[in-house]
Amino acid sequence: MKALVTGASSGIGEEIAKELGKRGYDIILVARNEEKLKDVASKIKTKTRIITMDLSNKENCKKLYEETKNEDIDILINNAGFGVHGKFCDTDLNKEVQMIETNITAVHILMKLYLKDMIKKDRGHILNVASMAAFGPGPLMISYYASKAYVLNLTEAIYEECKDSGIRISCLCPGPVKTTFQDKAGIKKSESAKKYLMDAEEVAKVSYKDFKKGKLIIIPGMKNKLLVIGNKLLPRRISRKIILKTNKK
């Protein structure tokens, strides 16, 4: 059994890779930072392979597939991604475009290429990592929220196309997690906000349990599930104001 995990150098990607290793999967770890990948690999007892690659370059996505297409991948974890915080007119355009290429284009390309192989075998599982941000508009993190909405909608649609096959498609939508995500996005965490952050290890355990069951949308944590339900019930004009207030903090 073999799994490929993108964005595997830290956070959710690292913890999912470790969780899969505990379950007996050999792991292909993909990220930009080779030293961090080596550190993650040292914590996994099964066979690992490291591929250092920047997936914001779509040609690299195709290159990654060409390098691994004969590895008989059973599980693809599409986790690579990051966020940008700030007013739309103030955020750096180049960084936003790089984020869109990573959060959307890379997920799209890798899902399509590996899914074709899984369809031929009539087996396999793809877990795309989105966010609770996918369920609403995101003032002060506009591009990030929009990118995760794309991932959620893409995953749901492909799930429907594949539901009568041996392939399982899932979308992980975590809330705030204790990772380096906030720092990279330029978000300063208040002490009061830190208590709402889930551990990445806990998110990974929930993810593995639910995607093995074939669950489509995975939202770790009861509080997060209730927030998503509440957001759906609220008028969008009110939802926007609440999210704006939250992102200001």
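Residues numbered from 1 in each chain as written. Predicted model: local features only at pLDDT ≥ 70, side-chain atom pairs only at ≥ 80, totals over all residues. Heavy atoms only, no water.

Describe the nonpolar core, naming the residues involved and giving the relevant values.
The tendency in soluble globular proteins is for nonpolar side chains to be buried as a group. Residues Leu-4, Val-30, Leu-55, Leu-64, Tyr-114 and Ile-169 are the most contacted members of the largest nonpolar core, which totals 36 residues. Among the elements of the structure, strand 2 (26-31), helix 3 (58-68), helix 4 (93-121), helix 5 (142-162) and strand 6 (167-172) are those that each provide at least two residues to this core. The leading source of residues in this core is helix 4, at eight residues. The contacts of Leu-4, once residues within four sequence positions are left out, are Ile-28, Val-30, Leu-64, Thr-68, Ile-73, Ile-75, Leu-76, Ile-77 and Tyr-114. Formed by 29 residues, the second largest nonpolar core is a distinct cluster that contains Ala-8, Ile-27, Leu-127 and Met-198. (Core = buried A, V, L, I, M, F, W, Y, C linked by side-chain atoms within 4.5 Å. Buried < 20%, exposed > 50% of the residue type's maximum accessible area, 1.4 Å probe, protein only. Helix = DSSP H or I, 4+ residues; strand = E, 2+ residues; numbered from the N terminus. Contact = heavy atoms within 4.5 Å.)

Hey, could you go over the layout of surface pockets for me, with residue numbers and the actual values?
In this structure, the second largest pocket occupies an estimated 150 Å³ of space. Elements with a contribution of two residues or more to the lining of the second largest pocket: helix 4 and helix 5. Counting residues per element, the lining of the second largest pocket draws most heavily on helix 4, at six residues. (1 Å grid on protein atoms, 1.4 Å probe; cavity = no way out; pocket = protein on both sides within 12 Å on 5 of 7 lines; lining within 4 Å. Points joined across faces, edges and corners; volume = space filled by probe spheres on them.)

Kindly report on the packing of aromatic side chains, identifying the contributing residues and their values.
One pass over the structure, following the stated rule, counts three aromatic pairs. With a centroid separation of 5.5 Å and an interplanar angle of 75°, the aromatic rings of Tyr-208 and Phe-211 are classed as edge-to-face. Taken together, the residues Tyr-208 and Phe-211, both in helix 8 (residues 200-212) and three residues apart, mark about one turn of the helix. Judged by relative accessible area, which is 1%, Phe-211 ranks as buried. (Phe/Tyr/Trp six-rings, centres within 6.5 Å; stacked < 30°, edge-to-face > 60°.)

Can you break down the pattern of salt bridges residue by residue, with the values?
Evaluated as defined, the whole model comprises 18 salt bridges. Between Lys-69 and Glu-66 there is a salt bridge, with the nearest N and O atoms lying 2.9 Å from each other. Between Lys-215 and Asp-210 there is a salt bridge, and its shortest N-O distance comes to 3.9 Å. Take Asp-210: its relative accessible area is 7%, and that puts it in the buried class. One network of salt bridges, with partners in common, ties together Glu-14, Glu-15, Lys-18, Asp-39 and Lys-43. (Salt bridge = Lys/Arg side-chain N within 4 Å of Asp/Glu carboxyl O.)

Describe the pairing of strand 2, naming the residues involved and giving the relevant values.
Summarising burial for strand 2: five of the six residues are buried, a large majority. Across five bridges, strand 1 (residues 2-6) lies against strand 2 in parallel orientation. Each residue of the ladder has a partner; that of Val-5, found in strand 2, is Leu-29. In this fold, the crossover linking strand 1 to strand 2 by way of helix 1 (residues 11-22) has right-handed handedness. Both strand 2 and strand 3 (residues 48-52) contribute to a ladder of five bridges, which runs parallel. In the sheet register, Ile-27 faces strand 3, and the bridge partner there is Thr-48. Viewed along the sheet, the connection from strand 2 through helix 2 (residues 34-41) into strand 3 turns out right-handed. (Pairing = 2+ DSSP bridges. Right-handed = clockwise from strand over helix to strand, strands pointing away.)

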